[in-house]
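Breakdown of the fold
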Amino acid sequence: MKKSLQDLREVAVNAILSAPGAEELEALRIQYLGKKGALTKLLKMMGKLDPEERPAMGQLANQVRAEVENAIEKRRNELNEMMLKMRLEAETLDVTMPGKTAAVGHEHPMYIVLDEIKDIFIGMGFEILDGPEIEQSEYNFTKLNTDEGHPAREWSDTFYLTEDSSILLRTQTSPMQIRAMETKPLPIRMLAPGRVYRKDEVDATHSPMFHQIEGMVIDKGVTMADLKGTLDAVMKKLYGEDTVTRFRPHHFPFTEPSCEMDVQCHKCGGKGCPTCKGEGWIEILGAGMVHPKVLEGCGIDTSVYSGWAFGMGLERLAMRRFKISDLRLIFENDVRFLEQF
Ligand code: DAH
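The structure reproduced in this document is the subject of the present report. Each chain has its residues counted from 1, running along the sequence as written. Since the coordinates come from a predicted model, pLDDT governs what is reported: local features require at least 70, and pairs of side-chain atoms require 80 or more to be given and counted, while whole-chain, interface and lining totals use all residues. Computation of side-chain values: all heavy atoms of the structure, hydrogens and water removed.

1. Quick look at the pairing of strand 5 (residues 209–220)
We apply this condition: Only protein chains enter the accessibility calculation, which uses a 1.4 Å probe. A residue is then buried if its area is under 20% of the maximum for its type, exposed if over 50%, and partly exposed in between. By the criteria applied, helices consist of DSSP H or I runs no shorter than four residues and strands consist of E runs no shorter than two, each listed in order from the N terminus. In this analysis, strands are considered paired if DSSP registers two or more bridges between them.
Of all the 12 residues making up strand 5, 9 are buried; the element is thus mostly covered by neighbouring parts of the structure. Note: strand 4 (residues 188–197) against strand 5, 10 bridges, orientation antiparallel. Counterpart to Ile-188 in the pairing with strand 5 is Ile-218. Note: strand 5 against strand 9 (residues 305–313), 9 bridges, orientation antiparallel. What sits directly across from Ile-213, in strand 9, is Met-312.

As structure tokens, then:
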């Protein structure tokens, strides 16, 4: 009996201390200390011992049980510690690993050009104005000397929002001239970029929504020479000091006289090539001296004040600047296109 107890102790403790995991340890506990376990079996045989042997064997049996239990406890702690260590190692954060960089976008090419133009005009003392895209016909046409019956007011060209044609999506940024004159103290130097809308089919050069930049100066003694000098200086800043401009007579209802400004083709130097469609010149904007009727309609004394204004298409400037051949690319927002700028 004594030998059996001692053997059991040795075998059990060895097995327990080298148990590879928690499950194996639990199996060993059941094998040795369980109800049908090895130690229990031995204890059941105590009854067969001589009475004088029993106390010593009982004591030994308790000692063996305690030692086996201690071994189990010890191994359990060891295993827990090992598990923890393994988990910590697996979950360690290596701060020296390269991080995941977030893809950072950039400004849309058209807005890159707009910002450049704004900078140039701000440097000349202009303020930037913003105005409504849903506009009154009064501001989009009438106050701009474009009366009822004028072809520009046709339903076929304009998105009207009411049956009586009083509200529309602005077809030009020119109504911002009126809004500025009605609300700003004189003198005025303003630039008003924004969206405009016309009933056009989408193709390589047309879109029912596009952008214009309106500019206007109202002050004492302002002449056509100021218009030409300023716009020429702006084009030289935008396209380079050797840029050549020209002004051609034109007609707009809200300016008198009116003109269009061209820039000499940078590709062929004016000889004519595919870029300028053989013209040698590229049309950039419409401009003119603000019509006295328009000034007076806004309560401005034309014996003291005069002004000049211009309007240009932003998409066209961006397309020229970045050599973009199709207007649709500007609005499709395909990243493969946008990434190139
Ligand atoms: N609003 C005109 C257009 O859409 C462009 C324009 C021409 C604006 C002459 C002006 C101007 O301010 O003076 O075609």
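On we go from here.
2. Some remarks on the sheet that holds strand 4
Using the following cut-off: In this analysis, two residues are considered to be in contact whenever any of their non-hydrogen atoms come within 4.5 Å of each other. Here an axis means a line fitted to C-alpha atoms, over the contact stretch when the element is a helix, while the angle between two N-to-C directions is reported on a 0 to 180 degree scale.
An order of 1-4-5-9-8-7-6 is seen for the 7 strands of this open sheet, with the pairing classed as mixed. At either end of the open sheet lies a strand with only one pairing partner, and these are strand 1 (127–128) and strand 6 (245–252). Inspection of the sheet shows strand 8 (residues 281–290) paired to strand 9 by 5 bridges, in the antiparallel sense. Counted as the bridge partner of Met-289 is Trp-308 from strand 9. Contacting strand 6, strand 7 (255–264), strand 8 and strand 9, helix 8 (residues 224–239) runs over the sheet at an angle of about 145° to strand 8.

3. Observations concerning the site of the ligand
Convention followed: Throughout, the term near means that a residue has one or more heavy atoms lying within 4 Å of the molecule or strand in question. We define a polar contact as two N or O atoms separated by no more than 3.5 Å, with the added condition that, inside protein, one atom must be a possible hydrogen donor and the other a possible acceptor, whereas residues neighbouring each other in sequence contribute only through side-chain atom pairs.
Inspection of the region around the ligand gives 15 residues, with Gln-172, Gln-177, Arg-198, Gln-212 and Glu-214 positioned closest. Take Gln-177: an N or O atom from its side chain is 2.8 Å from an oxygen atom of the ligand. Contributions of two or more residues to the shell around the ligand are made by strand 5, strand 8 and strand 9.

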